[in-house]
Amino acid sequence: MMELEWFTVSTPLPTGSMRVAVTAQGVAAAAFNPRESVGLPPGTELADPAGDRRAAAVAAQFADYFAGRRQDLDLPVDWRLTSGVQRTVLRTLHRSVGWGRTITYGGLADLSGAFEPGLPAGAPARTVGSIAGSCPISLLVPCHRVVAADGLGGFGGGAEGMAVKRWLLTREGVLDPELDWTG
DNA sequence: AGGCAATCTAATG
DNA sequence: CATTAGATTGCCT
């Protein structure tokens, strides 16, 4: 039984605040929309970031990140919620794609080496999309920096999610605030 | 420029 | 165990 400690971090994002879970190993989950209790084990109580050391550290870095005082989060990640190809892809993404950089779905698939060569170009890319879509550790693992070969790509959470993705990429200087990236 | 088929993983009944 | 859905791509018309 892993000790997931959930708490809420307020952000300037269109979705308001994020919900984050930490364990003894590091950050295990981070979801944009607090209303959706994705992966939230029943019976878990929200901790008070001010009263918990780990939560406070995470909340502080998130605050710095959103305020523009910090570009890359320096927090340990607990990969226990991921497995198999998902873990491979997400870890590749986490270590390879930094601030202000983006990678295409196909590119990430290729880089991760989790897929056999010779497959049609679109197949692994779609899988990467699925994986990123169920990315349990948003923001820390830069799921929002994964874009389509042709345009911006999509994002979970519908229109709200897209707003978040655009917000983040704009803030990282990848997108021009005034222009659409879809060319 | 717009439409279509191929292919992979994770989640659910 | 089988079926469904999903944040894609490249080629053809």
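Here goes a summary of the coordinates provided. This structure is a prediction, so every number in the text was calculated from the model and none was measured.

**What to know about the state of the cysteines**
Tallied over the full model, the rule gives 1 disulfide. What pairs with Cys 135 in a disulfide is Cys 143, and their sulfur atoms sit 2.4 Å apart. The buried category is assigned to Cys 135, whose relative accessible area is 9%. Of the residues examined, Cys 143 reaches a relative accessible area of 6% and is grouped as buried.

**Digging into the protein's contact with DNA strand C**
With respect to spatial proximity, 17 residues lie near DNA strand C, and among them Tyr 105, Arg 126, Ser 130, Ala 132 and Ala 149 are the closest. The share of sugar and phosphate among atoms of DNA strand C within 4 Å of the protein is 47%. A distance of 2.7 Å is found between a phosphate oxygen of DNA strand C and a backbone nitrogen or oxygen belonging to Ala 149. It is helix α4 (residues 122-133) that contributes the most residues to the surface near DNA strand C, 7 residues altogether. Considered class by class, the residues forming the surface near DNA strand C number 9 nonpolar, 7 polar and 1 charged.

**Concerning the packing of aromatic side chains**
With the rule as written, the count across this model stands at 5 aromatic pairs. Ring plane angle 65° and centroid distance 6.5 Å describe the contact between Phe 62 and Phe 66, whose orientation is recorded as edge-to-face. Taken as a pair, Phe 62 and Phe 66 lie in helix α1 (residues 53-67) at a separation of 4 residues, close to a single helical turn. In terms of burial, Phe 62 and Phe 66 fall into one category: buried. Over the ring of Tyr 65 we find Arg 171, and its NZ or CZ is 5.4 Å from the ring centre.

Criteria and thresholds
Residues numbered from 1 in each chain as written. Chains lettered and ligands numbered in written order. Predicted model: local features only at pLDDT ≥ 70, side-chain atom pairs only at ≥ 80, totals over all residues. Heavy atoms only, no water. Disulfide = S-S within 2.5 Å. Buried < 20%, exposed > 50% of the residue type's maximum accessible area, 1.4 Å probe, protein only. Near = heavy atom within 4 Å. Polar contact = N/O pair within 3.5 Å; in protein donor to acceptor, adjacent residues only side chain to side chain. Helix = DSSP H or I, 4+ residues; strand = E, 2+ residues; numbered from the N terminus. Nonpolar A, V, L, I, M, F, W, Y, C, P; charged D, E, K, R; others polar. Phe/Tyr/Trp six-rings, centres within 6.5 Å; stacked < 30°, edge-to-face > 60°. Lys NZ or Arg CZ within 6 Å of the ring centre and 35° of its normal.

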